[in-house]
Amino acid sequence: MAKAIHTMIRVLDLEKSIDFYEKAFGLKVADRFDFDDFALVYLRNPENDFEIELTWNKGQDTPYTHGSGYGHIAVCVDDARAERNRFLAAGLNPNDVKEFFREGALMARFFFVQDPDGYKIEVLERHGRYQ
């Protein structure tokens, strides 16, 4: 059986991205590998062993495009509204909290935020299948 271990995104400003992911999600640098032309930085937190791999191509000076294929990364939190307020206080510019209902019952409560490179991250409240 396969196990998901990381997702990779390319970033323009490595330090700015590291700072964002630490402030937003408590992700810290788990490993860093510097090469002549690029660096790979793996971020994780104590809640799990899934990582975000930041790839910084040294010499890239224009923002990356996401095309029409990229969707988002998703994380779970205990309280979406409280977390959104924390993001606001940290200057991370989250979108409004949304709720989905199905057959009159809450299906999901969430908001989106974008990292410095424009990657969308969905912040879901633990509920239903995301407990």
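Just above sits the structure.
What counts as what
Within every chain, residues take consecutive numbers counted from 1 along the sequence as written. For a predicted model such as this one, the threshold for reporting local features is a pLDDT of at least 70, and the threshold for listing and counting side-chain atom pairs is 80 or more; totals across whole chains, interfaces and linings nevertheless cover every residue. Hydrogens and water are ignored here; the side-chain numbers use all heavy atoms of the structure. Any two strands between which DSSP finds at least two bridges are classified as paired. The helix and strand labels rest on DSSP assignments: H or I over at least four residues marks a helix, E over at least two residues marks a strand, and numbering proceeds from the N terminus. Angles shown run from 0 to 180 degrees and are taken between the N-to-C directions of axes, each axis being a line fitted to C-alpha atoms and, for helices, limited to the stretch in contact. With a 1.4 Å probe rolled over the protein chains alone, any residue whose accessible area is under 20% of its type maximum counts as buried; one over 50% counts as exposed, and the rest are partly exposed. We treat Lys and Arg as the positive residues and Asp and Glu as the negative residues; His and chain ends play no part in the count. Salt bridge, as applied in this entry: a Lys or Arg side-chain nitrogen positioned within 4 Å of an Asp or Glu carboxyl oxygen. Distance and chemistry together define a polar contact, namely a pair of N or O atoms within 3.5 Å, with one atom able to donate a hydrogen and the other to accept it when in protein, and with adjacent residues in sequence counting only for side-chain atoms on both sides. Detection works on a 1 Å grid of protein atoms alone, calling trapped sets that fit a 1.4 Å probe cavities and calling open sets with protein on both sides within 12 Å along at least five of seven lines pockets, with lining residues defined by an atom within 4 Å of a point. Grid points are joined across faces, edges and corners, and a volume is the space filled by probe spheres set on the points. As used here, the arc belongs to the directions running from the helix axis to the C-beta atoms. When checking whether two residues touch, look at their non-hydrogen atoms; a contact exists if any pair is within 4.5 Å.

Engineer: What should I look at first to understand the sheet that holds strand β1 (residues 6-10) in this one?
Structural biologist: Sheets are built from strands paired through backbone hydrogen bonds, the pairs being either parallel or antiparallel. Ordered by their spatial adjacency, 4 strands build an open sheet running β1-β4-β3-β2, and the pairing between neighbours is mixed. The sheet is open, and its two borders are formed by β1 and β2 (28-34), each paired with just one other strand. Across the sheet, the mean angle from the axis of one strand to that of its neighbour is 20°, orientation sign disregarded. The pairing of β1 with strand β4 (residues 51-57) spans 5 bridges and is classified as parallel.

Engineer: I tried to follow the side chain of Asp117 on my own but got confused; where do I start?
Structural biologist: Within the secondary structure, Asp117 sits in the loop between β7 (105-114) and β8 (120-125). It is Lys16 that comes nearest to the buried, bridge-free Asp117 among opposite-charge side chains, at 8.1 Å. Reaching out from Asp117, the side chain makes a polar contact with the backbone nitrogen of Leu12 at a distance of 2.9 Å.

Engineer: Sorry, what's going on with the layout of surface pockets here?
Structural biologist: To find leftover empty space, a probe the size of one water molecule is rolled over the atoms. Estimated volume of the largest pocket: approximately 470 Å³. For the largest pocket, the lining is made up of 22 residues, of which Asn45, Glu47, Asn48, Val75 and Cys76 are closest to its centre. Sorting the residues of the lining of the largest pocket by element identifies α1 (14-25), β4, β5 (73-77) and α2 (80-89) as the ones contributing at least two each. The element best represented in the lining of the largest pocket is β5, accounting for 5 residues.

Engineer: What's the story with α2 in this structure? I'm lost.
Structural biologist: Quick reminder: α-helices carry 3.6 residues per turn. Residues three or four places apart thus point the same way. Along α2, the residues classified as buried are Ala80, Glu83, Arg84 and Phe87. Summarising the axial view, the buried residues of α2 lie within an arc of 100°, below the 170-degree limit, and thus occupy one face. Summarising the contacts, the buried residues of α2 are in contact with α1, β5, β7 and β8. Two or three places before Arg81, at the start of α2, stands the capping residue Asp79, its side-chain oxygen 3.1 Å from that residue's backbone nitrogen. Looking one or two residues past α2, Gly91 carries a phi angle of roughly 75°, positive in sign.

Engineer: Would you mind going over the sheet that holds β8 with me for this structure?
Structural biologist: What the 4 strands build is an open sheet, ordered β5-β8-β7-β6; its pairing is mixed. Of all strands in the sheet, those with a lone pairing partner are β5 and β6 (98-102), marking the two edges. Across the sheet, the axes of successive neighbouring strands diverge by a mean angle of 30°, strand direction being ignored. Bridging between β7 and β8 involves 5 bridges; their strand directions are antiparallel. Bridge pairing in β8 links Phe112 to Glu122. Docked against the sheet, α1 engages β5, β7 and β8, running at close to 10° with respect to β8. Helix-sheet contacts for α2 involve β5, β6, β7 and β8, and the interaxial angle to β7 is about 15°.

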